[in-house]
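Structure assessment
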Amino acid sequence: MHWLLNAGTNLTDGWILEGMISMSRRYAVISGFLGATRDRFCVYGENRSIEEKFKVASEIEGVTGIELVVPYDCPDTALIKELCEKYDLQIASINLNLK
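Here's what I pulled together on the structure shown here. (Residues numbered from 1 in each chain as written. Predicted model: local features only at pLDDT ≥ 70, side-chain atom pairs only at ≥ 80, totals over all residues. Heavy atoms only, no water.)

The number of helices and strands found in the protein is two helices and seven strands. Listing every helix and strand of the protein by position from the N terminus yields β-β-β-β-β-α-β-α-β. Taken over 99 residues, the protein has a buried fraction of 20%. Split by element, the accessible area of the protein, about 7700 Å² in all, is 55% carbon and sulfur. (Helix = DSSP H or I, 4+ residues; strand = E, 2+ residues; numbered from the N terminus. Buried < 20%, exposed > 50% of the residue type's maximum accessible area, 1.4 Å probe, protein only. Areas by Shrake-Rupley, 256 points an atom, 1.4 Å probe, with all protein chains shown as cover.)

Structurally, D73 is set in the loop between β6 (63-70) and α2 (77-87). Its relative accessible area of 3% is what places D73 among the buried residues.

Our focus in this paragraph is the nonpolar core. Of all hydrophobic cores here, the largest spans 13 residues; its most connected members are I50, F54, A57, I66, L68, I80 and L89. In terms of residues, this core owes the most to one element, α2, which gives four residues. With residues near it in sequence (within four places) discarded, L68 still touches S31, I50, F54, D73, C74, I80, I91, S93, I94 and N95. (Core = buried A, V, L, I, M, F, W, Y, C linked by side-chain atoms within 4.5 Å. Contact = heavy atoms within 4.5 Å.)

Turning next to the pairing of β6. Pairing analysis gives four bridges linking strand β3 (residues 27-30) to β6, with the strands arranged parallel. For A28, the partnering residue across the bridge sits in β6 and is G65. In this structure, β6 lies alongside strand β7 (residues 90-96), joined through six bridges in parallel fashion. When the bridges of β7 are listed, V69 appears paired with N95. (Pairing = 2+ DSSP bridges.)

See the structure below:
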């Protein structure tokens, strides 16, 4: 199957994408950037609960997903599911922090 087919006689005529369901872009934000972050010198931002992080993420234009960090962001899977539904967000990824 050809994924890219030239739609015209030259490149300026455009391209047809064949076999792709959707070309819309979706954006997510990692939850760690929505609360306090720190380096070895300073702490930036304020501590937020997981629900506050979901609320902030839902207010960012164009963001439809959130990346969570285990164990900090996943105290209860039922709560995470409830927050996804409440704030209309999807889980984009789950990152594991083993420090």
